[in-house]
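These are the residues of each chain, in order.
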Amino acid sequence: MITMYHYLALGLILFVIGVIGTVISNHFIKVLISIEFILTGVNINFITFATYCDNSKLHGYIMSLFYIAIGAVELAVALYIFYLMYKKKQSENLEDYGE
């Protein structure tokens, strides 16, 4: 039987993978994917707490929808910034944009 702790462990694993990927990666697209992993881990935890602890109110689900919207906007803005950066330097490595 799957309990609340299984979902919390899954959210924690996704969050840690996202943090490690954000810190280690030099490639812009990999950093964006890692940030999406972080947001997915947080969403899983919100939905888990909303399902198991908050039966009458929908605060966890509302916050999860809010984070999905934030993630979509963040991805669109970041891809546009990446497009402008790539058009200028023709490189997707983050170390080339240090100056």
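Along each chain, the written sequence defines residue order, and numbers are assigned to residues from 1. Given that this is a predicted model, residues contribute local features only at a pLDDT of at least 70 and side-chain atom pairs are listed and counted only at 80 or more, while totals for whole chains, interfaces and linings are drawn from all residues. Side-chain calculation: all heavy atoms of the structure are included, whereas hydrogens and water are not.

A word on the confidence of the model for the protein chain. What pLDDT conveys is the predictor's confidence in a given residue, as a value from 0 to 100. Per-chain confidence: the protein chain averages 84 in pLDDT, with 93% of residues scoring 70 or above. Under the scheme used here, helices are H or I runs from DSSP no shorter than 4 residues and strands are E runs no shorter than 2 residues, and both carry numbers assigned from the N terminus. When mean pLDDT is compared element by element in the protein chain, helix H1 (residues 4-24) scores highest at 94, while helix H3 (residues 59-89) scores lowest at 81.

Time to look at the side chain of Thr48. Relative to the helices and strands, Thr48 is located in helix H2 (residues 28-53). Under the scheme applied here, a residue whose accessible area is under 20% of the maximum for its type counts as buried, over 50% as exposed, and between as partly exposed, the area being computed with a 1.4 Å probe on protein chains only. With a relative accessible area of 4%, Thr48 lands in the buried category. In this description, contact between two residues means that some pair of their heavy atoms is separated by no more than 4.5 Å. Beyond its immediate chain neighbours, meaning those up to four positions away, Thr48 contacts Met4, Tyr7 and Leu8.

Moving on, we come to the packing of H1 against H2. Between the N-to-C directions of two axes lies an angle of 0 to 180 degrees, each axis being a line fitted to C-alpha atoms and, for a helix, fitted only over the stretch in contact. In the contact formed by H1 and H2, the axes pass within 7 Å of each other and the chain directions differ by 160°. One way to sum up the angle between H1 and H2 is to call them roughly antiparallel. Where H1 crosses over H2, the handedness of that crossing is left-handed. Looking at side-chain class alone, the contact of H1 with H2 contains 17 nonpolar, nine polar and no charged residues. Roughly parallel means an angle under 35 degrees; roughly antiparallel, over 145; roughly perpendicular, 65 to 115; everything else is oblique. Should the near helix be turned anticlockwise from the far one by less than a right angle, the crossing is termed left-handed; should it be turned clockwise, right-handed. Polarity classes work like this: nonpolar for Ala, Val, Leu, Ile, Met, Phe, Trp, Tyr, Cys and Pro, charged for Asp, Glu, Lys and Arg, and polar for all others, with Gly in that last group.

To estimate how far a helix should extend, the number of its residues minus one is multiplied by 1.5 Å. Across its 31 residues, H3 extends 44 Å between first and last C-alpha, which sits within 8% of the 45 Å expected from 1.5 Å per residue. Regarding H3, the residues found buried are Gly60, Ser64, Gly71, Ala78 and Phe82. Check the buried side of H3 and you find it contacts H2. Count one or two residues on from H3 and you reach Gln90, which has phi positive near 60°.

On to the environment of Leu39. Position of Leu39 among the secondary structure elements: in helix H2. Overall, the relative accessible area of 15% leaves Leu39 in the buried class. Between the C-alpha atoms of Leu39 and Leu14, which are 25 residues apart in sequence, the distance is 8.7 Å. With sequence-adjacent residues up to four places away left out, Leu39 is seen in contact with Tyr67, Gly71 and Glu74.

All right, on to H2 then. The α-helix winds at 3.6 residues per turn, so residues separated by three or four positions along the chain end up facing the same way. Compared with the 38 Å implied by 1.5 Å per residue over 26 residues, the 38 Å span of H2 between its first and last C-alpha is a close match. Restricting attention to buried positions, one finds in H2 the residues Phe28, Val31, Leu32, Ser34, Leu39, Gly41, Asn43, Ile44, Thr48 and Ala50. Lining the buried residues of H2 we find H1 and H3.

Moving on: the packing of aromatic side chains. Each Phe, Tyr or Trp ring, with Trp reduced to its six-membered ring, pairs with another whose centre is within 6.5 Å; inter-plane angles below 30 degrees give stacked pairs, above 60 give edge-to-face pairs, and intermediate values give tilted ones. Evaluated as defined, the whole model comprises three aromatic pairs. Ring centres of Phe46 and Tyr67 lie 5.5 Å apart, and the angle between their planes is 20°; this geometry places the pair in the stacked category. Residue Phe46 is located in helix H2, and its partner Tyr67 is located in helix H3; the two are separated by 21 residues in the primary sequence. For Phe46, a relative accessible area of 26% translates into the label partly exposed. Within the aromatic cluster, the residues linked to one another by ring pairs are Phe46, Phe66 and Tyr67.

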